[in-house]
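# A look at the structure
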Amino acid sequence: MDYLKLKKAIFYPDKIIILSKKRKTVINISSINHIDYVKPSLLNYMFASVWFGGTFPGRLEIYLNNDLLTRQKCYTKLYLIRIKYKDYLKLPEIYKQKINLI
(Lines give C-alpha, C1' and ligand atoms only; values in the text may rest on other atoms or scores of the structure.)
Protein backbone atom coordinates (compact mmCIF):
# COMPACT_ATOMS: atom_id res chain seq x y z
CA MET A 1 0.00 0.00 0.00
CA ASP A 2 1.28 3.43 -0.93
CA TYR A 3 1.29 5.65 2.16
CA LEU A 4 3.53 8.07 4.04
CA LYS A 5 3.90 7.94 7.82
CA LEU A 6 5.14 11.02 9.65
CA LYS A 7 5.39 11.83 13.35
CA LYS A 8 2.04 13.66 13.48
CA ALA A 9 0.15 12.25 10.47
CA ILE A 10 -0.29 9.26 8.18
CA PHE A 11 -1.16 9.95 4.53
CA TYR A 12 -3.09 7.20 2.74
CA PRO A 13 -4.34 7.57 -0.86
CA ASP A 14 -7.94 7.94 0.35
CA LYS A 15 -7.57 9.58 3.79
CA ILE A 16 -5.30 11.40 6.24
CA ILE A 17 -5.02 10.35 9.87
CA ILE A 18 -3.81 13.16 12.13
CA LEU A 19 -2.28 11.85 15.34
CA SER A 20 -2.46 13.72 18.64
CA LYS A 21 -2.13 12.78 22.29
CA LYS A 22 -5.87 12.64 22.91
CA ARG A 23 -7.30 11.23 19.68
CA LYS A 24 -6.86 10.37 16.02
CA THR A 25 -8.61 12.56 13.47
CA VAL A 26 -9.52 10.98 10.13
CA ILE A 27 -9.96 13.27 7.10
CA ASN A 28 -11.27 11.74 3.88
CA ILE A 29 -9.81 13.01 0.61
CA SER A 30 -13.29 14.04 -0.57
CA SER A 31 -13.67 16.44 2.37
CA ILE A 32 -10.52 18.43 1.50
CA ASN A 33 -11.09 21.69 -0.34
CA HIS A 34 -7.44 22.47 -1.07
CA ILE A 35 -3.95 22.16 0.40
CA ASP A 36 -1.26 24.85 0.57
CA TYR A 37 2.46 24.25 0.94
CA VAL A 38 5.52 26.51 0.72
CA LYS A 39 8.92 24.96 0.08
CA PRO A 40 11.35 25.75 2.91
CA SER A 41 14.13 28.00 1.64
CA LEU A 42 15.97 31.01 3.00
CA LEU A 43 14.10 33.41 0.73
CA ASN A 44 10.71 31.97 1.71
CA TYR A 45 11.57 32.24 5.44
CA MET A 46 12.49 35.92 4.99
CA PHE A 47 9.26 36.67 3.14
CA ALA A 48 7.19 34.71 5.67
CA SER A 49 8.06 37.24 8.37
CA VAL A 50 6.93 40.08 6.07
CA TRP A 51 3.69 38.51 4.79
CA PHE A 52 1.33 38.03 7.70
CA GLY A 53 -1.50 35.60 7.04
CA GLY A 54 0.39 33.55 4.49
CA THR A 55 1.59 29.98 4.66
CA PHE A 56 4.77 29.54 6.69
CA PRO A 57 7.46 27.49 4.90
CA GLY A 58 7.50 23.78 5.66
CA ARG A 59 3.87 23.59 6.77
CA LEU A 60 1.10 21.74 4.99
CA GLU A 61 -2.20 23.59 5.41
CA ILE A 62 -5.23 21.34 4.83
CA TYR A 63 -8.45 23.31 4.26
CA LEU A 64 -11.74 21.43 4.69
CA ASN A 65 -14.98 21.84 2.73
CA ASN A 66 -17.65 23.97 4.39
CA ASP A 67 -20.39 21.36 3.93
CA LEU A 68 -18.35 18.86 5.94
CA LEU A 69 -18.15 21.30 8.84
CA THR A 70 -21.92 21.63 9.09
CA ARG A 71 -22.66 17.89 8.70
CA GLN A 72 -20.20 16.56 11.28
CA LYS A 73 -20.24 19.51 13.72
CA CYS A 74 -16.53 19.91 13.19
CA TYR A 75 -15.12 23.09 14.71
CA THR A 76 -11.98 23.51 12.67
CA LYS A 77 -11.59 24.55 9.04
CA LEU A 78 -7.83 24.07 8.85
CA TYR A 79 -5.22 21.53 9.93
CA LEU A 80 -1.49 22.34 10.00
CA ILE A 81 1.17 19.66 9.64
CA ARG A 82 4.91 20.31 9.60
CA ILE A 83 6.50 18.41 6.75
CA LYS A 84 9.98 18.44 5.26
CA TYR A 85 10.40 18.90 1.53
CA LYS A 86 11.89 15.43 1.10
CA ASP A 87 8.73 14.02 2.74
CA TYR A 88 6.58 16.23 0.53
CA LEU A 89 8.11 14.50 -2.50
CA LYS A 90 7.07 11.11 -1.05
CA LEU A 91 3.37 12.05 -0.70
CA PRO A 92 0.84 10.00 -2.70
CA GLU A 93 -0.01 11.60 -6.07
CA ILE A 94 -3.62 12.43 -5.11
CA TYR A 95 -2.34 14.99 -2.58
CA LYS A 96 0.11 16.56 -5.01
CA GLN A 97 -2.83 17.29 -7.33
CA LYS A 98 -4.66 19.17 -4.55
CA ILE A 99 -1.59 21.13 -3.37
CA ASN A 100 -1.09 24.75 -4.40
CA LEU A 101 2.70 24.86 -4.32
CA ILE A 102 3.88 28.41 -3.67
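Summarised in this report is the structure supplied together with it.

What counts as what
- Residues numbered from 1 in each chain as written.
- Predicted model: local features only at pLDDT ≥ 70, side-chain atom pairs only at ≥ 80, totals over all residues.
- Heavy atoms only, no water.
- Helix = DSSP H or I, 4+ residues; strand = E, 2+ residues; numbered from the N terminus.
- Buried < 20%, exposed > 50% of the residue type's maximum accessible area, 1.4 Å probe, protein only.
- Contact = heavy atoms within 4.5 Å.
- Areas by Shrake-Rupley, 256 points an atom, 1.4 Å probe, with all protein chains shown as cover.
- Patch = residues over 30% accessible without salt bridge, like charges linked within 9 Å, V, L, I, M, F, W, Y side chains within 5 Å.
- Salt bridge = Lys/Arg side-chain N within 4 Å of Asp/Glu carboxyl O.
- Lys, Arg positive; Asp, Glu negative; His and termini not counted.
- Charge placed at Lys NZ, Arg CZ, Asp CG, Glu CD.
- Pairing = 2+ DSSP bridges.
- Core = buried A, V, L, I, M, F, W, Y, C linked by side-chain atoms within 4.5 Å.
- Phe/Tyr/Trp six-rings, centres within 6.5 Å; stacked < 30°, edge-to-face > 60°.
- Lys NZ or Arg CZ within 6 Å of the ring centre and 35° of its normal.

Turning our eyes to something else, we now look at the overall build of the chain. Per the secondary structure count, the chain includes four helices and eight strands. Ordered by position from N to C terminus, the α and β elements of the chain give β-β-β-β-β-α-β-α-β-α-α-β. Split into buried and exposed, the 102 residues of the chain put 37% on the buried side. Taking as baseline every contact in the chain between residues at least 6 positions apart, the subset at least 24 positions apart corresponds to 46%. For the chain, the accessible area works out to roughly 7,200 Å², and carbon and sulfur atoms hold 54% of it.

A surface patch of positive charge is lined by K7, K8, K21, R59 and R82. When you line up the elements, R59 lands in strand β6 (residues 59-64). In this structure R59 comes out as partly exposed when scored by relative accessible area, which is 32%.

Reading across from one edge, β1-β2-β3-β4 is the order of the four strands in this open sheet, with antiparallel pairing throughout. Of all the strands in the sheet, the pair left with one neighbour each is β1 (4-5) and β4 (24-28). Here β1 pairs with strand β2 (residues 9-11) via two bridges, running antiparallel. Bridge pairing in β2 places L4 opposite F11.

F11, I16, I32, L60, L91 and Y95 are the most contacted members of the largest nonpolar core, which totals 21 residues. Of all the secondary structure elements, the ones that give two or more residues to this core are β2, β3 (15-19), β5 (32-37), β6 and β7 (78-82). Those residues in contact with Y95 that lie beyond four places of it in its chain are F11, Y12, P13, D14, K15, I16, I29, I32 and I35.

With the rule as written, the count across this model stands at one salt bridge. With a shortest N-O distance of 3.9 Å, K96 and E93 are connected by a salt bridge. Placement of the pair is K96 and E93 together in helix α4 (residues 93-98), with a separation of three residues, close to one helical turn. By relative accessible area, which is 24% here, K96 ends up partly exposed.

Turning to the packing of aromatic side chains, a few remarks are in order. In the structure shown here, the tally under the stated rule is four aromatic pairs. Between the aromatic rings of Y3 and Y12, the centroid separation amounts to 5.4 Å while the plane-to-plane angle is 35 degrees, which identifies the pairing as tilted. A ring pair is formed by F11 and Y95, whose centres lie 5.5 Å apart and whose planes are at 80 degrees; its orientation type is edge-to-face. Of this pair, F11 sits in strand β2 while Y95 sits in helix α4; the two residues are 84 residues apart in sequence, bridging distant segments of the chain. One aromatic cluster is present, formed by Y37, Y85 and Y88 through successive ring pairs. Note that K15 overlies the ring of Y12, its terminal NZ or CZ placed 5.6 Å from the centroid.

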